[in-house]
Amino acid sequence: RTIQRIEKTKLRVAATSPSCGGSDSQRSMKFMWELVEGDLAELPKIINPRALTLAKNTLTVGVTYRLRCTVAMAHDTAINSSVVFSVTVKPSPITVSLPKYTSIGSEVPFVLQASLMDPDSSLEASMFSWRCLNSSGFACSNYTGHVIAFGNTTDPQIVIQPQSLPVNSSYWFQVVATKGS
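So, here's what we can say about the structure. What you see is a predicted model; the values in this text were computed from it and never measured.

1. A few points about the sheet that holds strand β6 (residues 76-90)
- One open sheet accounts for four strands, arranged β1-β6-β5-β3; its pairing is mixed. Here the strands that pair on one side only, and so sit at the sheet edges, are β1 (2-4) and β3 (29-37). Pairs of neighbouring strands in the sheet enclose a mean axial angle of 35°, with direction left out of account.
- In the sheet, strand β5 (residues 64-73) pairs with β6 via ten bridges, with the strands oriented antiparallel. Along β6, the bridge assignment pairs Val71 with Ser81.

In structure tokens:
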């Protein structure tokens, strides 16, 4: 099973006691959960023994967890069966946005600051790729006709210097953010 860190995860087991003979106490079952693989310091408190709930944001991105539930007869734990759940945590998508501008002057620097939201609160560096398009859908050019290129950067901000773009035109800026190097 593959999940994202921002998801609450519930693992459930179904078990039925044998219906042949014995008293109710002899047919009662015991559920035991254990971490087989992964970096959890301890399992959460179990309210319903047939289900293990892992709260969102408690698992580590990139780690595979293996959890075992053993169901045994309460009167004789040697009579048991177990199942192992495998849970892999994949990165959550990031979102990036830019403020909306309607009009700017050409005599002052124009600063674009991207806002990044990472639900995993990852410590990985993010890379920003900037692009400018004119009203015809072509790459932005300066007054001399040279295409303005921003390249990739770890800085979520770019500065358009005064008089870099021809006036009385519309421009669309786009930023794409990627997590990791």
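2. Things to note about the packing of aromatic side chains
- The full count for this structure, using the stated rule, is two aromatic pairs.
- For the ring pair Trp33 and Phe85, a centre distance of 5.8 Å and an interplane angle of 25° mean the geometry is stacked. Separated by 52 residues along the polypeptide, Trp33 in strand β3 and Phe85 in strand β6 bring together distant segments of the chain.
- Residue Phe85 is classed as buried on the basis of its relative accessible area of 18%.
- With 5.7 Å between their ring centres and 65° between their planes, Phe110 and Phe173 make a pair best called edge-to-face. One end of the pair, Phe110, is in strand β8 (residues 110-113); the other, Phe173, is in strand β13 (residues 171-179), with 63 residues separating them in the sequence. Here Phe110 matches Phe173 in class, with each residue buried.

How each quantity is defined
- Residues numbered from 1 in each chain as written.
- Predicted model: local features only at pLDDT ≥ 70, side-chain atom pairs only at ≥ 80, totals over all residues.
- Heavy atoms only, no water.
- Pairing = 2+ DSSP bridges.
- Helix = DSSP H or I, 4+ residues; strand = E, 2+ residues; numbered from the N terminus.
- Axes fitted to C-alpha atoms, helices over the stretch in contact; angles between N-to-C directions.
- Phe/Tyr/Trp six-rings, centres within 6.5 Å; stacked < 30°, edge-to-face > 60°.
- Buried < 20%, exposed > 50% of the residue type's maximum accessible area, 1.4 Å probe, protein only.

Purely geometric stuff here, so don't read any function into it on its own.
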